[in-house]
Amino acid sequence: MTVSTHARRTRVHVTGAASTAVRALLEAQRRPARVLAAFPQGVYLEVRTEVEPSVIAVITGEATRLPNSVLLAAPLPHLTVGDDAAVGDRAIELGPLSLTVRRWWDPAPPLGAVDRDLLARAVDELTEPPGAGLSGDASVELLADSCAKGWLLGAVTAAERLVGLGPGLTPSGDDVLAGLLVALRHLGRAAGAGRAVWLADWLAATVTYDARTRTTPISATLLHCAARGEASPEVLGVLRGLAGRQALAPALRRLHRLGHTSGSDLAQGVAIGARTVLSLGGRPDERAAGAGAAGGRTTTR
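Residues numbered from 1 in each chain as written. Predicted model: local features only at pLDDT ≥ 70, side-chain atom pairs only at ≥ 80, totals over all residues. Heavy atoms only, no water.

S.K.: Explain the pattern of salt bridges to me, please; I cannot follow it from the model alone.
M.R.: Note on pairing: side chains with opposite charge can pair once their charged atoms come close. Taken as a whole and judged by the stated rule, the model has 8 salt bridges. A salt bridge links Glu 27 to Arg 23, with the shortest nitrogen-to-oxygen separation between them at 3.1 Å. With Glu 27 and Arg 23 both in helix α1 (residues 23-27) and 4 residues apart, the pair spans about one turn of that helix. Judged by relative accessible area, Glu 27 falls into the partly exposed class, the value being 37%. (Salt bridge = Lys/Arg side-chain N within 4 Å of Asp/Glu carboxyl O. Helix = DSSP H or I, 4+ residues; strand = E, 2+ residues; numbered from the N terminus. Buried < 20%, exposed > 50% of the residue type's maximum accessible area, 1.4 Å probe, protein only.)

Structure, rendered in structure tokens:
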């Protein structure tokens, strides 16, 4: 970290590590941004762009490493909602802080092949997460039932009802959908369940189509990330637990602790996705067949 003094202000120069999910935004030309939310361990910046993701989380090491994060090894300056910032040219100007991105990390590392029998045994450990914001909600039940049956129209209908449903920066409905999308993508590919990946493609298109107008800017960005399989380490840890790469129970506890209900809502979505992968099964070359089978029960947008 270096400090330079000018006539008008003292600038603090630091370096950071950024998610590849926001690489295009950071490497584009410099654009104005504003502070959407500010906390001691992180701030959310909304960049003036029509391209997603449009929100970047600038965080310290103690904060949850969301898939749209830039991690810096320095304290954040005092900021308030509405403060101006700038993003681009591999840098972020935030109050007196000048942050240059030097390293990148992957928010969607592949799982590798997963044994279906092992996955089935692990899924049996997934119980109703504590404190889920939409526990017992009819739309969540419709989503779970439709996904397990591969019924596209029902799954899309439920997903459209859930976008933006609930209070907070990331509504519960969005968190459930994010957990589902990430699980379908990673576990579907790892288990060779082509129909599950096909379903993820359709649901991703549904929830990101007009997310900016239906939910918060922060949650819209996280839905776009989830649509590509990008997630926080807590979510990815549960997927590794389901795949037998690490202990599942401790990973679930870490996920459940996120936010007020966000962790439990994400876990609920992951559970729906894992069970869908097992229910749909199949080999990668069955993806086209799955599309044809479900196509009779849906319409295009």
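S.K.: How do you make sense of the environment of Val 277 when you look at a structure like this?
M.R.: With respect to the helices and strands, Val 277 occurs in helix α11 (residues 262-280). Every residue in contact with Val 277, bar those within four places of it in the chain, is listed here: Arg 116, Leu 119, Ala 183, Leu 184, Leu 187, Gly 188, Ala 191, Ala 193 and Ala 196. (Contact = heavy atoms within 4.5 Å.)

S.K.: Hey, could you run me through helix α6 (residues 194-208) in this one?
M.R.: Quick reminder: α-helices carry 3.6 residues per turn. Residues three or four places apart thus point the same way. Across its 15 residues, α6 extends 21 Å between first and last C-alpha, which sits within 8% of the 21 Å expected from 1.5 Å per residue. Burial analysis of α6 places 12 of its 15 residues in the buried class, the great majority of the element. Within the sequence span of α6, burial applies to Gly 194, Arg 195, Ala 196, Val 197, Trp 198, Leu 199, Ala 200, Leu 203, Ala 204, Thr 206, Val 207 and Thr 208. (Expected span 1.5 Å × (residues − 1).)

S.K.: Explanation requested: the environment of Thr 20 in the structure shown.
M.R.: Tracing the backbone through its elements, the reader meets Thr 20 in the loop between β2 (10-19) and α1. C-alpha of Thr 20 to C-alpha of Val 238: the two residues are 218 residues apart in sequence and 21 Å apart in space. Excluding residues that lie within four positions of it along the chain, Thr 20 makes contacts with Trp 104, Trp 105, Asp 106 and Pro 107.

S.K.: Sorry if this is basic, but what is going on with the packing of helix α3 (residues 138-149) against α11 here?
M.R.: Axis angle and axis distance: for two packed helices, these are the angle between their axes and the distance between the axes, and together they describe the pair. Two elements in contact, α3 and α11, have axes separated by 7 Å at closest approach and are oriented at 25°. The pairing of α3 with α11 is recorded here as roughly parallel in orientation. With respect to the hand of their crossing, α3 and α11 are arranged in right-handed fashion. Together, Val 140, Leu 143, Ala 144, Cys 147, Ala 148 and Lys 149 of α3 and Gln 268, Ile 272, Thr 276, Ser 279 and Leu 280 of α11 make up the contact between the two elements. The residue inventory of the contact of α3 with α11, partitioned by class, reads 7 nonpolar, 3 polar and 1 charged. (Axes fitted to C-alpha atoms, helices over the stretch in contact; angles between N-to-C directions. Parallel < 35°, antiparallel > 145°, perpendicular 65-115°, else oblique. Left-handed = near helix turned anticlockwise from the far one by under 90°. Nonpolar A, V, L, I, M, F, W, Y, C, P; charged D, E, K, R; others polar.)

S.K.: Before we go on, may I ask you to explain the layout of surface pockets in this structure?
M.R.: The method is simple in principle: a probe with the dimensions of a water molecule rolls over the atoms, and the space it marks as empty is what remains. The calculated volume of the largest pocket comes to roughly 790 Å³. When residues of the lining of the largest pocket are traced back to their parent elements, those giving at least two are β4 (42-47), β5 (55-59), α5 (172-190), α8 (217-227) and α11. Taken together, 18 residues form the lining of the second largest pocket, with Glu 128, Ala 144, Gln 268, Ile 272 and Arg 275 sitting closest to its centre. Breaking the lining of the second largest pocket down by element, the ones donating at least two residues are α3 and α11. It is α11 that provides the largest number of residues to the lining of the second largest pocket, a total of 6 residues. Of the residues that constitute the lining of the second largest pocket, the class distribution is 8 nonpolar, 6 polar and 4 charged. (1 Å grid on protein atoms, 1.4 Å probe; cavity = no way out; pocket = protein on both sides within 12 Å on 5 of 7 lines; lining within 4 Å. Points joined across faces, edges and corners; volume = space filled by probe spheres on them.)

S.K.: How should the nonpolar core be read in this particular structure?
M.R.: A general trend in soluble globular proteins is that nonpolar side chains are found buried together. In this structure, Leu 143, Leu 187, Leu 199, Leu 203, Leu 239 and Leu 242 are the most contacted members of the largest nonpolar core, which totals 61 residues. Those residues in contact with Leu 239, other than ones at most four positions away along the chain, are Leu 111, Val 182, Ala 183, His 186, Leu 187 and Val 270. Ala 18, Leu 25, Ile 56 and Ala 74 belong to the second largest nonpolar core, which has 24 residues in total. (Core = buried A, V, L, I, M, F, W, Y, C linked by side-chain atoms within 4.5 Å.)

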